[in-house]
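Listed below are the residues making up each chain.
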Amino acid sequence: MDHNASHDIIIIGRNIAGLGAAYALGMAGYSVLIIGPETRLYGGFQLAPNGFSAMETLGLRQGIDAGALTVNAIQLKSLERAETLAEISHDDTLPYAGISRQHILECFLAALKNLPVTMIDSSLKALHLGHGSAQNRLLLETGDIISAPLVIGADGPAGICRAAITGYQPEQAATDHLAMRAEIPASALAKSFSNPVCQLWLGRGSHFVCYPFTHQGQLLVNAVYCMKRGATSSSTSAAIQQIFSRHPVLSSFADDNIVWQETDLPDCESLPVWQRGGLTLIGDAAHQMPPHLAQGAGQVFEDIACLSNCLKQAPVEQALRDMARIRSHDVTAIMQKARQSGSVMRLDGLSARLRNNFIKIAGGGFVEDWLRS
């Protein structure tokens with residue numbers, strides 16, 4: 001197999017970050033080879049104004065808007081007392097929305113159709129970084145070895161590309177906290193969960209987030225319950241059902257037909273350096289964003305938009321250096337704010353009660369100002 005002669009850059013990862021990077025490079029006239037198995041994404045995410053702005057920079061705003069369901073406000077609620085603590089109303093001029101992950105993926109796939117982008121349905125097994133004028137060499141699971149002067153790693157926080165930058169492969173140990181996620185037809189829940197708002201229920205050592213989004217014409221609710229691992233003696237799914245079944249508002253989430261998927265909530269970090277030799281990281285491979293600020297997707301989109309802008313001003317090697325330098329600096333502050341938000345959401349015992357009382361007194365305006373600071 002010889003893909004070397006006809007492609008300028010190889011991208012590892014057939015996900016949103018990888019496809020987005022390929023789109024930015026393809027629009028700049030570079031030929032791209034994407035390596036990775038076909039991806040299908042589950043659930044939705046919230047997209048804030050910075051994410052929409054990034055997609056507008058890329059010229060993809062129209063396609064994104066077609067699948068976006070406007071979220072008018074964030075309601076902060078007490079999980080224990082089943083009461084609203086505060087509400088943050090979104091400015092009509094600044095778009096917030098719930099959106100399907102798969103819809104975003106499909107938008108990028110459609111945008112790549114007329115660009116010089118090729119995809120290989122395979123996984124990376126090993127990566128050897130070249131030195132000086134030597135090219136990077138990649139071993140695929142098929143046994144093929146290919147090479148390229150430039151490689152972009154979009155294979156996630158546990159991928160080979162991040163390990164090539166840091167010098168080690170992270171251990172896949174269980175983390176202290178986990179998230180139970182579900183994609184639920186809105187028709188299976190109480191009607192209030194179809195309203196265009198994001199509900200954040202704050203508990204003791206746990207919190208629950210839900211908001212509506214659409215996919216292929218169906219109204220769905222993205223639900224995420226975050227808790228400390230081992231907080232109950234029963235299975236996690238059974239514990240969630242017990243919590244919801246006793247709740248006066250959230251009881252419809254206890255339905256036996258709802259399938260909850262368990263995922264780890266690792267201690268996230270943004271690497272200070274995103275490049276080594278001819279390899280550049282992008283997306284979650286460079287910065288695995290905590291889910292507590294609704295910025296996971298937005299920061300990936302900003303990476304892609306930044307790369308697109310840099311490519312308009314410099315050749316690809318310099319553009320990648322500029323993108324890595326700019327974004328590694330900018331992401332650091334967002335990461336710190338997301339971690340702080342997570343710490344507040346995880347408060348337990350008396351601290352959790354004091355947090356809720358403070359939010360109730362201070363109101364949504366204070367919370368909004370803190371998030372923006």
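Quick caveat: nothing in here was measured; it's all calculated off a predicted structure.

Along a regular strand, successive side chains alternate from one face of the sheet to the other. Both strand S10 (residues 136-140) and strand S11 (residues 145-148) contribute to a ladder of four bridges, which runs antiparallel. Across the sheet, residue Leu138 finds its bridge partner in S11, namely Ile146. In this antiparallel pair of consecutive strands, S10 and S11, the connection spans four residues, and Gly143 shows a positive phi of 95 degrees.

Let's shift gears to the packing of aromatic side chains. Here the structure, examined in full by the defined rule, presents eleven aromatic pairs. With a centroid separation of 6.5 Å and 55 degrees between ring planes, the pair formed by Phe108 and Phe301 is classed as tilted. Linking Phe108 in helix H4 (residues 101-111) with Phe301 in helix H7 (residues 296-311), this pair joins segments that are 193 residues apart in sequence. Judged on exposure class, the residue Phe108 and its partner Phe301 are both buried. Taken together through their ring pairs, the aromatic side chains of Phe193, Phe208, Tyr225, Phe244, Phe253 and Trp260 make up a single cluster.

Another point: the sheet that holds strand S8 (residues 117-120). Taking strand neighbours across the sheet as the criterion, the six strands line up as S8-S2-S1-S12-S19-S18 in an open arrangement whose pairing is mixed. Sheet topology places S8 and strand S18 (275-276) at the edges, where each strand pairs with a single neighbour. Judged from the three bridges that link them, strand S12 (residues 150-153) and strand S19 (residues 279-281) form a sheet pairing that is parallel. Note that in S19 the partner of Gly153 across the bridge is Leu281. The strands touched by helix H1 (residues 16-27) are strand S1 (9-12), strand S2 (32-35), S8 and S12; relative to S2, the strand with the most contacts, the crossing angle is about 175 degrees.

What follows deals with the pattern of salt bridges. Scanning the entire structure with this criterion turns up ten salt bridges. Arg204 serves as the salt-bridge partner of Glu80, at 2.9 Å between the closest nitrogen and oxygen. Of this pair, Glu80 sits in the loop between strand S5 (73-78) and strand S6 (83-89) while Arg204 sits in the loop between strand S14 (197-202) and strand S15 (207-215), and the two are 124 residues apart along the sequence. Here Arg229 makes a salt bridge to Asp264, at a shortest N to O gap of 2.3 Å. Remark: Asp264 occurs in strand S17 (residues 261-265) and Arg229 occurs in the loop between strand S16 (218-228) and helix H6 (236-245); sequence separation between them is 35 residues.

Between H1 and H7, whose axes approach to 9 Å, the crossing angle comes to 15 degrees. Taken together, the axes of H1 and H7 lie roughly parallel to each other. The interaxial crossing formed by H1 with H7 has right-handed handedness. Contacts between H1 and H7 involve Ile16, Ala17, Gly20, Ala21, Ala24 and Leu25 from the first element and Val300, Phe301, Ile304, Leu307, Ser308 and Leu311 from the second. A per-class count over the contact of H1 with H7 returns ten nonpolar, two polar and no charged.

Turning to the environment of Val209, a few remarks are in order. Along the chain, Val209 falls in strand S15. The class of Val209 is buried, set by a relative accessible area of 17%. Look past the residues within four positions of Val209 in its chain and what remains in contact with it is Gln46, Cys198, Gln199, Leu200, Asn222, Ala223 and Val224.

Quick look at the side chain of His207 now. Along the chain, His207 falls in strand S15. By relative accessible area, which is 3% here, His207 ends up buried. Non-local contacts of His207, meaning those with residues more than four positions away in its chain, are made with Leu200, Trp201, Leu202, Val224, Tyr225, Cys226, His292 and Met345.

Turning to the sheet that holds strand S4 (residues 68-70), a few remarks are in order. In spatial order, the strands read S3-S7-S4; together these three strands make up an open sheet with antiparallel pairing. Both edges of this open sheet fall to strand S3 (44-47) and S4, since each of them pairs with a single strand only. Taking each pair of neighbouring strands and ignoring which way they run, the sheet shows an average axis angle of 30 degrees. In this sheet, strand S7 (residues 97-100) lies alongside S4 in antiparallel orientation, the contact comprising three bridges. Following the sheet pairing, Leu69 is matched in S7 by Gly98.

Next up on the list: unusual backbone geometry. A positive phi angle, near 55 degrees, is found at Ala82, a position not held by glycine. Along the polypeptide, Ala82 turns up in the loop between S5 and S6. For Ala82, a relative accessible area of 27% corresponds to the partly exposed category. In this structure, Gln216 takes a positive phi of about 50 degrees despite not being glycine. Mapped onto the elements of the fold, Gln216 is located in the loop between S15 and S16. Here Gln216 falls in the exposed class, since its relative accessible area comes to 67%.

Each value, and the rule that gives it
Residues numbered from 1 in each chain as written. Predicted model: local features only at pLDDT ≥ 70, side-chain atom pairs only at ≥ 80, totals over all residues. Heavy atoms only, no water. Pairing = 2+ DSSP bridges. Helix = DSSP H or I, 4+ residues; strand = E, 2+ residues; numbered from the N terminus. Phe/Tyr/Trp six-rings, centres within 6.5 Å; stacked < 30°, edge-to-face > 60°. Buried < 20%, exposed > 50% of the residue type's maximum accessible area, 1.4 Å probe, protein only. Contact = heavy atoms within 4.5 Å. Axes fitted to C-alpha atoms, helices over the stretch in contact; angles between N-to-C directions. Salt bridge = Lys/Arg side-chain N within 4 Å of Asp/Glu carboxyl O. Parallel < 35°, antiparallel > 145°, perpendicular 65-115°, else oblique. Left-handed = near helix turned anticlockwise from the far one by under 90°. Nonpolar A, V, L, I, M, F, W, Y, C, P; charged D, E, K, R; others polar.

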